[in-house]
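Chains, contacts and geometry: an overview
Single-letter residue listing:
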Amino acid sequence: MQKQQTTSKQANANNGVNVEALLGAREALTQAPEAARFKWRASCEWLNGTHSRTTVDEYFGLGEAQKHRNVFQFDTDHPQIFASEDNGATPVELVLVGLAGCLTAGIAAVAQNRNIQLRKVKATLEAGMDIQGILGIDSDVRNGFDGIKVHYDIDADASADDIASIVAQSQKRSAVFDIITNPTDVTVTVG
Amino acid sequence: MPRQTMRARTGIVDVVVVGAGHSGLAMSHRLSELSIEHVVLERGEIANSWRRERWDSLKLLTPNWMSRLPGAPYAGHDPDGYMNMDQVVGFVSTYAEKTAAPVRTSTTVLNVEERDGAYSVSTDRGDWRSRAMVIASGACNEASVPVCAQAVPDRIFQITSKDYKSPGQLPEGGVLVVGASATGLQLAQEIHSSGRPVTLAVGEHVRMPRRYRGRDVQWWMLASGILDECIADVDDPVRVRRLPSPQLIGSEDHATLDLNALTAGGVQLVGRLAGIRAGKAQFSGSLRNVCSLADLKMRRLLKAFDDWAATTGAADPMMPAEEFNATRIGNSVPLGLDLNSGEIRSIVWATGYRPDYSWLKVPVVDRKGQLQHDGGVVAPGLYALGLPFMRRRKSSFIHGAEDDVRDLGRHLAAYLDKKIGVRPPFLTANSEMVV
């Protein structure tokens, strides 16, 4: 009863996701749970004012050190209305980048697994924030978002319920969705 | 106790069955039919868990006409009703008497080892040695409570669904019920009605209407073949075996018990309990998604019923297809709850159960504490019964025992006849075993 029923019985949907490899990895990692333990890493250097540059290069997984194909750098800053120079996205916007990227990747993977061809997937995100929190004006106001709204426009050869189901399954399996919706223990050290 | 129940003596027997619940008794009946000498060891009384480990108001989630054991169909006058626990205990006890099951009650199995191709069973009333063994001790021996329960402030009264009997056990004041299976919803409703305001923490769940198009939903599940679905035909056996029980209640008015019914009555929904920190319960922001997952899955299920009915012609005399409202979630869902504020006085853990295999000294339990088995075949001469989706979706249902004991009884008999080698057989799609 849980099996997916797509309205169109396309034999070969291609969303550019190698589902066989993902399912193979799942099978392999069930047998070798240690190899499933990853460490994601980033390093950040302060440049000036609120402007910093964060570099992502190496990570650890499948039991050994791994490297991205390229070094990726992300500048973050605050906008000019905060008396900053706006040299990059604000860090909170990068949180939205992470959420959108994660959910959208999940949608492609789930659709592929269900043999549904995607033609267009577009997400619009909006997060509310009362900056009285970060400014310390009102201690009852939290620093972070008071909510995030994600809206998807999806064109695919599937029924509305099937598309909604892909989006729901993507949230269920999303790391960033989990990181945002559940607490995470954070340890910050200096030295 | 009938005389026959004492016929097996401590000593050597072909088969030891652990547990005199409906599964163990159904297997005993099958073994008797096959003239296989056996004994059923029961730590307490017959149907012990049904007697002692259920809450007072509980009724079966399946209608009476479905409650059948091999050779014992439902014989009462209320086929569409739902048995309460006294009735279940009566049904199972009568079955034990009728089948003259060789049950040793008040006999707790302490240790089971495999030695030289046979099983050595130590109990607090003597030891047994058997060539084969059937584990029918159930999947719900211990309440499963999340680790974060340890961080609950001392002032909060805590109880699990295994020990819960009625709202009177709880102090007056607010109650946090954790878990949204049939158990969590039933307890939330009953506790809220007792005047204790309930907050319900909701993770992934299975939503179902009690009745659909004029029929009980379990009728649909059975008639359309879903309950007979075989584990070999399922994409993700691990997932289906872990599914929480569907949100159902057995009541005289056949009412649907879903989250909308609870919120209409004033129950506050929150997300899954994610942790407790500095006396504050933290709830996941995933409530909307787990509800839409459940709504979508329910719609798919009902659609599958409709398709089946249309194809088979069963739909002709029926009421038309029905639609149900999406689960309503308020605009603002609390993400935290201060457990020291006095608003919450007790927590009810309806977070599931786990089996207890601490007595089983055979290396067949995985790192998550679950028995490893292939359709109930655990190891040479070792079998399981009554586990969720063990062979079929109905394996954990009372009426599911019949097919499972027939299959496994046949396998066990062949094993005793040395017709089966050491390797457990594999299931095929039609649920026949390849020997």
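Scoring rules and cut-offs
Residues numbered from 1 in each chain as written. Chains lettered and ligands numbered in written order. Predicted model: local features only at pLDDT ≥ 70, side-chain atom pairs only at ≥ 80, totals over all residues. Heavy atoms only, no water. Domains from an automatic or database assignment. Contact = heavy atoms within 4.5 Å. Buried area = accessible area lost by both parts, 1.4 Å probe. Salt bridge = Lys/Arg side-chain N within 4 Å of Asp/Glu carboxyl O. Polar contact = N/O pair within 3.5 Å; in protein donor to acceptor, adjacent residues only side chain to side chain. Nonpolar A, V, L, I, M, F, W, Y, C, P; charged D, E, K, R; others polar. Pairing = 2+ DSSP bridges. Helix = DSSP H or I, 4+ residues; strand = E, 2+ residues; numbered from the N terminus. Axes fitted to C-alpha atoms, helices over the stretch in contact; angles between N-to-C directions. Phe/Tyr/Trp six-rings, centres within 6.5 Å; stacked < 30°, edge-to-face > 60°. Buried < 20%, exposed > 50% of the residue type's maximum accessible area, 1.4 Å probe, protein only. Lys NZ or Arg CZ within 6 Å of the ring centre and 35° of its normal. Patch = residues over 30% accessible without salt bridge, like charges linked within 9 Å, V, L, I, M, F, W, Y side chains within 5 Å. Areas by Shrake-Rupley, 256 points an atom, 1.4 Å probe, with all protein chains shown as cover.

What follows covers the domain arrangement of chain B. Frequently, the measure chosen for interface size is the accessible area removed from exposure when the parts meet. Residue and element names in this part refer to chain B. Taken domain by domain, chain B comprises domain 1 (3-141 + 355-434) and domain 2 (144-349). Averaged C-alpha coordinates put domain 1 and domain 2 at centres separated by 29 Å. Counting from both sides, the interface comprises 32 residues of domain 1 and, opposite them, 35 residues of domain 2. Together, the buried faces of domain 1 and domain 2 total about 2700 Å²; carbon and sulfur atoms form 57% of this surface. When residues of domain 1 are sorted by the area they lose upon contact with domain 2, Trp55, Leu61 and Arg393 head the list and together hold 28% of the total. Linking domain 1 to domain 2 there are 2 salt bridges. For Glu229, the salt bridge is made with Arg393, and the minimal N-O distance between the two is 3.0 Å. One can count 17 residue pairs in polar contact (both at pLDDT 80 or more) joining domain 1 with domain 2. The class makeup of the residues in the side of domain 1 that touches domain 2 is 14 nonpolar, 7 polar and 11 charged.

Moving on to the sheet that holds strand S14 (residues 273-277) of chain B. Residues and elements named next belong to chain B. Taken in spatial order, the 3 strands line up as S14-S15-S16 in an open sheet, and their pairing is antiparallel. Taken across any chain shown, the strands that pair with only one partner, and hence form the sheet edges, are S14 and strand S16 (336-338). When the angles between neighbouring strand axes are averaged without regard to direction, this sheet yields 20°. Two strands pair when backbone bridges link them, and S14 and strand S15 (residues 280-283) are joined in this way by 4 bridges, in the antiparallel orientation. Across the sheet, the residue bridging to Leu273 is Phe283, located in S15.

Turning to the packing of aromatic side chains, a few remarks are in order. What describes a pair of aromatic rings is the distance from one ring centre to the other and the angle between the planes of the rings. Evaluation of the coordinates by the stated rule reveals 10 aromatic pairs over all chains. Ring centres of A:Trp40 and A:Tyr59 lie 4.9 Å apart, and the angle between their planes is 25°; on these two criteria the pair is classed as stacked. Of this pair, A:Trp40 sits in the loop between helix H1 (19-31) and strand S1 (43-48) while A:Tyr59 sits in strand S2 (residues 51-61); the two residues are 19 residues apart in sequence, bridging distant segments of the chain. On the basis of relative accessible area, A:Tyr59 is assigned to the buried category, the value being 17%. Here the aromatic rings of B:Trp220 and B:Phe305 are separated by 5.3 Å at their centres, their planes lie at 20°, and the arrangement is stacked. With B:Trp220 in helix H5 (residues 217-223) and B:Phe305 in helix H8 (residues 287-312), the pair connects residues that are 85 residues apart, well separated along the chain. A relative accessible area of 0% places B:Trp220 in the buried class. Overall, the relative accessible area of 0% leaves B:Phe305 in the buried class. Ring pairing ties together the aromatic residues B:Tyr212, B:Trp219, B:Trp220, B:Phe305, B:Trp308 and B:Phe324, which thus form one cluster. Of note, B:Arg54 hangs over the ring of B:Trp50, and the distance from its end group to the ring centre comes to 4.7 Å. A cation sits over an aromatic face here: B:Lys418 above B:Tyr415, 5.4 Å from the ring centre.

Residue and element names in this part refer to chain B. A positive phi angle is found at Asp116, which is not glycine, with a value near 55°. Positionally, Asp116 belongs in the loop between strand S4 (109-115) and strand S5 (118-123). Using a relative accessible area of 75% as the deciding quantity, one classes Asp116 as exposed. Even without a glycine there, the phi angle at Phe389 is positive, about 50°. Turning to its location among the elements, Phe389 is positioned in the loop between strand S20 (382-384) and helix H9 (401-416).

Residues and elements named next belong to chain A. A grouping of Ile81, Phe82, Ile131, Ile134, Leu135 and Ile137 is seen on the molecular surface, where their side chains present a nonpolar patch of about 630 Å² in accessible area. For Ile81, the location among the structural elements is in the loop between strand S3 (64-76) and helix H2 (91-113). Ile81 sits in the exposed class, given a relative accessible area of 77%.

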